Amino acid sequence: MTAAWFHCFSGIAGDMALGALIDAGAPVEEVNAILGRLPLPGWALEVEPVLRGGIGGTKVHVKVRESTVVRTAAHIQGLVAEAGLPPRVESRALAVFGSLATAEGHLHRRPPDQVHFHEVGGVDAIIDVVGTCAALEVLDVDDIFCSPVAVGLGMVRAAHGIIPNPAPAVVELLRGVPTRGVDLAVELTTPTGAALMAALARGFGPLPAMTVTTTGFGAGSRELPDRPNLTQVVLGEQARAASPSGQPQMLIEANVDDATGEVLAHTVAELLRAGAADAWITAVTGKKGRPAHVVSALCDIAVLGPVRATLVRETGTLGVRGVAMDRWPEPRSMGEVEVGDLPVRIKVGPGRVKAEFDDAARVAAETGRPLRSVLAEAEARWSVEHPAEPVDDHGLIDDHRPPEAAHDHGPSHHHDGHDHDHPHPHDHDHDHHAPPQGPDPDLPSA
């Protein structure tokens, strides 16, 4: 799974997001090919390498013919829907424009589909949004994450006059998003940039766990006095998330072709004594057709050292391999019954009862009875004395049953440039328009 993390230390705008992805390796010709499907003539996408604060980045310019067309949210969504874009590009673009329409509708007290977009309804802003979604697609980005978003302060001039900075639409779009103010009277984050992150990011915070493959910077129009005017994107393969319910374990193994059965049996016993949750032998055919065995042990990472040392010591192997994995043990508990006045421990799991082999073997030896008879009687006696006893999530017998249930032997019981209605010209800082349990030899391990 490929992830993209946007680092908005100087804010974000639509053209900066697109520039960062192109700088990270999205081929301009492939982005242009997807954009060319839009029924929207009169534009050209140009890219320029620039420096901002001494850091190289890519500046995106969307050249458009002058137009006085004011588009509604419904109009723009129709343009996107009829373009025949790749499914993920279309759904992402519609989500961004939907977020913009919802924010504008809230601000201007009108239904979202009736909102009139000015700047974000311009061709350049549409290209910024759809182009960013196209670049994510050609880079095969599955998940998008974002840092806290920087915003400026003060006032900025818009087409309808002076408005607060950050713009009202930006504040509305960033509701619920980690945001921080910067002491600069500059528009750092635009509605288009805010909408891209609000609609597409599945999480906000520091760089998520990943193996980084590439990075890129998208540039704003001008230099800032105290920071590079850039938005960074970091791409990488996401680290596998451990299951919240699984126990992290190590499976270690060694191939052995010169050990007797007695040595192998002793090795398994010693591995369990060293702390392995389970250990076993698998017969294989080795090189040159030799009969061989794979000795395996599953253990908690905390006891990996002694378990691995035991495997080497007992088998004489010249190497051990291992792999990390998760283990999901079922809840279990221990009880006890008497067979012939001798104690036999019973292991109880969901839907299963099993007598401890060593105890049953001892009773068989002392009484002269067949082992299978002792095992069967111990398990049957438990089932009679403890009918359908529930096991809780911690592997303990539930002692909170109603008193009558404890004696009931009957049936089982249960318990971007501004997208708001008062746009402003693009003369700001962005050129855009928008504990493992112990050895358990009898009950199979998870």
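None of the values given here were measured: they were computed from a predicted structure.

Asks: Can you walk me through the overall build of the protein in this structure?
Replies: Looking only at helices and strands, the protein has 12 helices and 20 strands in total. The 446 residues of the protein split such that 48% are buried. Split by element, the accessible area of the protein, about 20600 Å² in all, is 55% carbon and sulfur.

Asks: Could you clarify how one ought to interpret the nonpolar core in this entry?
Replies: Where a protein is soluble and globular, its nonpolar side chains tend to be buried together. Phe6, Leu38 and Val130 are the most contacted members of the largest nonpolar core, which has 61 residues in total. Sort the elements by how many residues they give to this core and helix H5 (residues 123-138) lands first, with nine residues. When residues no more than four places from it in sequence are discounted, the contact partners of Val130 are Leu35, Leu38, Val80, Leu85, Val89, Ala93 and Phe97. Judged by nonpolar contacts, the second largest core, of 16 residues, contains Ala254, Leu271, Leu272 and Leu311.

Asks: For this particular structure, what's the right way to read helix H9 (residues 304-315)?
Replies: One turn of the α-helix equals 3.6 residues, which is why residues spaced by three or four share an orientation. With 12 residues, H9 extends 17 Å from end C-alpha to end C-alpha; this agrees with the ideal 16 Å at 1.5 Å per step. Among the residues of H9, those classed as buried are Leu304, Val307, Thr310, Leu311, Glu314 and Thr315. For H9, the angular spread of buried residues about the axis comes to 135°, placing them on one side. Contacts from the buried residues of H9 go to strand S14 (247-256), helix H8 (261-273) and strand S16 (291-300). In the segment just after H9, Gly316 is the residue with positive phi, at about 70°.

Criteria and cut-off values
- Just so you know, the residues in each chain are numbered from 1, in the order the chain's sequence is written.
- In keeping with the model being predicted, local features are shown solely for residues with a pLDDT of at least 70 and side-chain atom pairs are shown and tallied solely at 80 or more, while totals for entire chains, interfaces and linings include all residues.
- To get the side-chain values, all heavy atoms of the structure are used, and hydrogens and water are removed first.
- A helix here means a DSSP run of H or I that spans at least four residues, while a strand means a run of E at least two residues long, and both kinds are numbered starting from the N terminus.
- For the exposure calls, accessible area comes from a 1.4 Å probe over protein chains only, and a residue counts as buried if that area is under 20% of its type's maximum, exposed if over 50%, partly exposed in between.
- Throughout, the Shrake-Rupley method with a 1.4 Å probe supplies accessible areas, and for residues the shown protein chains are the sole cover considered.
- Among buried residues, those of type Ala, Val, Leu, Ile, Met, Phe, Trp, Tyr and Cys that are joined through side-chain atoms within 4.5 Å constitute a nonpolar core.
- The contact criterion used is simple: two residues touch if any of their non-hydrogen atoms lie within 4.5 Å.
- The span one expects for a helix is its residue count, reduced by one, times 1.5 Å.
- Relevant arc is that of directions from the helix axis to the C-beta atoms, nothing else.

Just geometry here; none of it tells us what the structure is for.
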